[in-house]
Amino acid sequence: MNKKTRTIAALLLSAMATTAIIPPSSQVAAAATTSTTNAPVNFSLEGPRNAKEVEAFVNSVFKDLMKKHNVPGSNFSLVADGKVLVSKGYGYADREKKIPVDKDTVFQIGSVTKQFTALAAMQMVDKGKIDLRGDIQKYLGGLKIPNTTGKKLTMYDLLTYSTGFEKPDIASYYSTEYVNKEYPIKDFLKTHMTTVVRPPGETYVYDNFGFLIAGYAVENASGMPYSKYMEKNIFNPLGMTSTSVRNTPELVGRMAAHYSLKGERIPMDGTMPTEKPEGGMISTADDMAKYLLMHLNKGKYDGKEIVSQKSIEQMHTYQYFADKTVPITTIGFEGYFPEMMNGQHVIIKGGNVTGHSSLIVILPEKNAAFYMTNNDDNPWFSIEVYQAFMNHYYPKKKEVKPTYSALSEQQAKAYVGLYENIRMNSFRSKVSYSNGQLVSETPSGKHTLKMISPSLFEDESGNKVTFNKNAAGKIAYMYVMTLPEAASMAEKVNVDSPFSDVPASSKYKPYINNLNALKVMSGKSVHIFDPKGTITQAEFSEVLLRAHGWYKQPYMIEPNKKQMVAGLSNFYPNSPITRQMAAVMIQNLKQVELRTKIKLNGKTDAWAVKAIEALVSQGIMDPDTKVKSDGSVNFRSKELLKRQEASALLDQAFNYYALPIRH
């Protein structure tokens, strides 16, 4: 499995494939509902209360879903009413050696770490050492965060995923080369910093860097390293003796092996920095049960107050909403897949690292919670367990169908435009207007959006979409509640026409304007694009990586650079690029499938034929290239690529469909 597949998986559970199509959440819900037909169902149940019944239900669910998803191993703990009802393992920690998973098997829990960091921050708030709403700069030991907004960044913004950072994943460095190496947080932050470019509190973006900063603030305010603070103030008081934010030899020796989606054994990644407040913890089912008991007991464990009741309630209460009916984050937790909550108050945190996935689900008002992990990259497994759990213990009540309102063409002008996902630039949506409704083109296709209220819409599958205003009161953001798009709001992009040398009649003008607006391909100057000028191979490489949209993920950059030029023995950075080389580089990243038979006329080198045929068959070509009725086309393969042609190819290849097209 490649790095992009793992990124998609992480995005799905951190709400972190060249051939994967991500299904909408409605399909996930349907799959989860039908995937546990052998599980006992009792609609008179009022939550998980009887240990025998709970274990029988969980055993049935895990038997079905582990087989369905080919999951090697998993562990699970469930607590309710102050008791641990289940804490056990399923399957194999090591499939080859037939070593079973048990309640003490160690797993990497990835981004589930974030709400531990949030807990640490709230402890510091309780002690008066951090002001939740104060300027975070006071707690960074002199470290400066660039901020162009004029609004201070606070710990509250960090913990509610609303920082306004330009690059929320700038700290996402994962590789086997980092194992057994030491990279202090402070040293890392000195050389890796991003800028606050949107007013803090204005937009939701899943934010790894924000929680790294939060952990560093805890480190500075407490006067001890992050790992030592967590050990002294959280793990030890909770009796979590098999939990750490460092991969210690003893715990790694008890760790479950890592597997890919295909079931292949893969090595464990190390991280940079070594201690990652946003995703570096390891733990067990037994330890996590203790942590869940503390949450359900309003911050207390075994008679000791770990955090104040006020702070734990803030962690359990939604703080950030896309719409009053659409909660997104608490302090530290999230609320993705709201349709799976079945009308209950549920808070969630998922996590994913290479070869391990995890999930926490808490129902504070029902005094019940569970934790689970699996030792492969499958995020849907835990989501389907969650849905089966909710359907069994808290079945959905009859829903009231929303009423829709027509939208006038004049009203629609505020919504219409191009939107780009802030976290993952590869996800873009084009919103237009037709017959009283908005139409959105997204990675999953075209969708008709019916208006429930001026800020809330619903598509034909029942998925909710919100439109949100900025400080100036104008619609500036779009939130699509289907993963992985739901990992961030999308920002409305101002598509203007700044170039005086691109005439209004040019067939290339829309492509040029789009790429300029998306900051993919700029002009030679503010007002000059040079549409018929050539472009070097190095320049095209940079533009292609930006168009591709994954360049904000640090561990994706080098693999994508290598993949982009795979099979090209004649890559010379300073030489002008030909049309056939550009097509091969696009196809190396896009990897579309051949849709219809294409016959190339003119001269094309053998190494470029398949790439050109695949792109052309999917309509990815410049407007001066035409396919004849017999399927033949002259791609002008050996001609030098013009800048305007580059804009057309890239905009069509990576416009609103970030994942490859399949037919």
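Residues numbered from 1 in each chain as written. Predicted model: local features only at pLDDT ≥ 70, side-chain atom pairs only at ≥ 80, totals over all residues. Heavy atoms only, no water.

## What about the overall build of the protein chain?
- Helix and strand counts for the protein chain stand at 19 helices and 26 strands.
- For the protein chain, whose C-alpha radius of gyration is 25 Å, the value lies close to the compact-globule estimate of 26 Å for 663 residues.
- In the protein chain, which comprises 663 residues, the proportion classed as buried is 61%.
- Total accessible area computed for the protein chain in this model is approximately 25,900 Å², and 50% of it derives from carbon and sulfur atoms.
- Side chains of the protein chain carry 79 positive and 63 negative charges; the gap between the two charge centres is 2 Å. (Helix = DSSP H or I, 4+ residues; strand = E, 2+ residues; numbered from the N terminus. Rg over C-alpha atoms; globule rule 2.2 N^0.38 Å. Buried < 20%, exposed > 50% of the residue type's maximum accessible area, 1.4 Å probe, protein only. Areas by Shrake-Rupley, 256 points an atom, 1.4 Å probe, with all protein chains shown as cover. Lys, Arg positive; Asp, Glu negative; His and termini not counted. Charge placed at Lys NZ, Arg CZ, Asp CG, Glu CD.)

## Details of the environment of Ser-162
- Along the chain, Ser-162 turns up in the loop between α5 (155-159) and β5 (173-175).
- In sequence terms Ser-162 and Val-179 are 17 residues apart; their C-alpha atoms lie 31 Å from each other.
- A polar contact of 3.0 Å, which involves the side chain of Ser-162, links it to the side chain of Thr-160. (Polar contact = N/O pair within 3.5 Å; in protein donor to acceptor, adjacent residues only side chain to side chain.)

## A few points about the packing of aromatic side chains
- Overall, the coordinates contain 25 aromatic pairs when judged by the stated rule.
- Joined through ring pairs, the aromatic side chains of Phe-57, Phe-62, Phe-76, Tyr-90, Phe-370, Phe-381, Phe-389, Tyr-393 and Tyr-394 make up one cluster.
- Above the ring of Phe-635, the side-chain terminus of Arg-579 is found at 4.5 Å from the ring centroid.
- The ring of Phe-529 carries the charged tip of Arg-643 above its face, separated from the ring centre by 4.4 Å. (Phe/Tyr/Trp six-rings, centres within 6.5 Å; stacked < 30°, edge-to-face > 60°. Lys NZ or Arg CZ within 6 Å of the ring centre and 35° of its normal.)

## Structural notes on the pattern of salt bridges
- Taken as a whole, this structure holds 26 salt bridges when the rule is applied.
- The partner of Lys-276 in a salt bridge is Glu-278, and the shortest N-O contact between them spans 2.7 Å. With respect to burial, Lys-276 and Glu-278 carry one shared label: buried.
- Residues joined in a network through salt bridges with shared partners are Arg-579, Asp-622, Arg-636, Glu-639 and Glu-645. (Salt bridge = Lys/Arg side-chain N within 4 Å of Asp/Glu carboxyl O.)

## Describing unusual backbone geometry
- Residue Pro-273 is reached from Met-272 by a cis peptide bond, and omega for that bond is 0 degrees.
- Here Pro-273 lies in the loop between β8 (270-272) and β9 (281-283).
- For Arg-636, which is not glycine, the phi torsion reads 55 degrees and is therefore positive.
- You can see Arg-636 is positioned in the loop between β26 (632-634) and α19 (643-653).

## Points about the sheet that holds strand β17 (residues 417-421)
- Spatially, β17-β18-β19-β20-β21-β22-β23-β24 is the arrangement adopted by the 8 strands of the closed barrel, whose pairing is antiparallel. Strand after strand, the sheet turns through a mean of 30 degrees between neighbouring axes, direction not considered.
- By the bridge criterion, 3 bridges tie strand β20 (residues 445-453) to strand β21 (residues 456-458) in an arrangement that is antiparallel. Within β21, the residue paired with Lys-450 across the bridge is Glu-458. (Pairing = 2+ DSSP bridges. Axes fitted to C-alpha atoms, helices over the stretch in contact; angles between N-to-C directions.)

## Some thoughts on the packing of helix α4 (residues 113-126) against helix α11 (residues 309-316)
- Close contact between α4 and α11 brings their axes to 10 Å; oriented N to C, the two are set at 145 degrees. In the packing of α4 onto α11, the handedness of the crossing is right-handed. Residues Gln-115, Ala-118, Leu-119, Met-122 and Asp-126 of α4 lie in contact with α11, whose contacting residues are Ser-311, Ile-312, Gln-314 and Met-315.
- Residues that form the contact of α4 with α11 fall into these classes: 5 nonpolar, 3 polar and 1 charged. (Left-handed = near helix turned anticlockwise from the far one by under 90°. Contact = heavy atoms within 4.5 Å. Nonpolar A, V, L, I, M, F, W, Y, C, P; charged D, E, K, R; others polar.)

## Thoughts on the pairing of strand β16 (residues 368-374)
- In terms of burial, β16 is largely enclosed, as 7 of its 7 residues are buried.
- Of the two faces of β16, the one lined by Ala-368, Phe-370, Met-372 and Asn-374 and the one lined by Ala-369, Tyr-371 and Thr-373 are each fully buried.
- Of the strand pairs in this sheet, strand β15 (residues 356-363) and β16 are connected by 7 bridges, and their pairing is antiparallel. Residue pairing for β16: Val-361 is matched across the bridge by Phe-370.
- Hairpin remark: β15 followed by β16, antiparallel, with 4 residues in the connecting loop; positive phi at Asn-367, about 55 degrees.

## Some thoughts on helix α12 (residues 380-393)
- For α12, which comprises 14 residues, the first-to-last C-alpha distance of 20 Å matches the rise-based estimate of 20 Å (1.5 Å per residue) to within 8%.
- In terms of burial, α12 is a largely internal element, 13 of the 14 residues being buried. (Expected span 1.5 Å × (residues − 1).)

## Focus: the side chain of Glu-613
- Examined against the element boundaries, Glu-613 turns out to sit in helix α18 (residues 606-617).
- For the buried Glu-613, no salt bridge exists, and the shortest N-O distance to an oppositely charged side chain is 7.8 Å, to Lys-610.
- Ignoring sequence-local partners within four residues, the contact set of Glu-613 consists of Leu-594, Ile-598 and Leu-600.

## Quick look at the environment of Ser-357
- Within the fold, Ser-357 resides in strand β15.
- You can call Ser-357 buried: its relative accessible area is 0%.
- There is a polar contact of 2.9 Å between the side chain of Ser-357 and the side chain of Asn-352.

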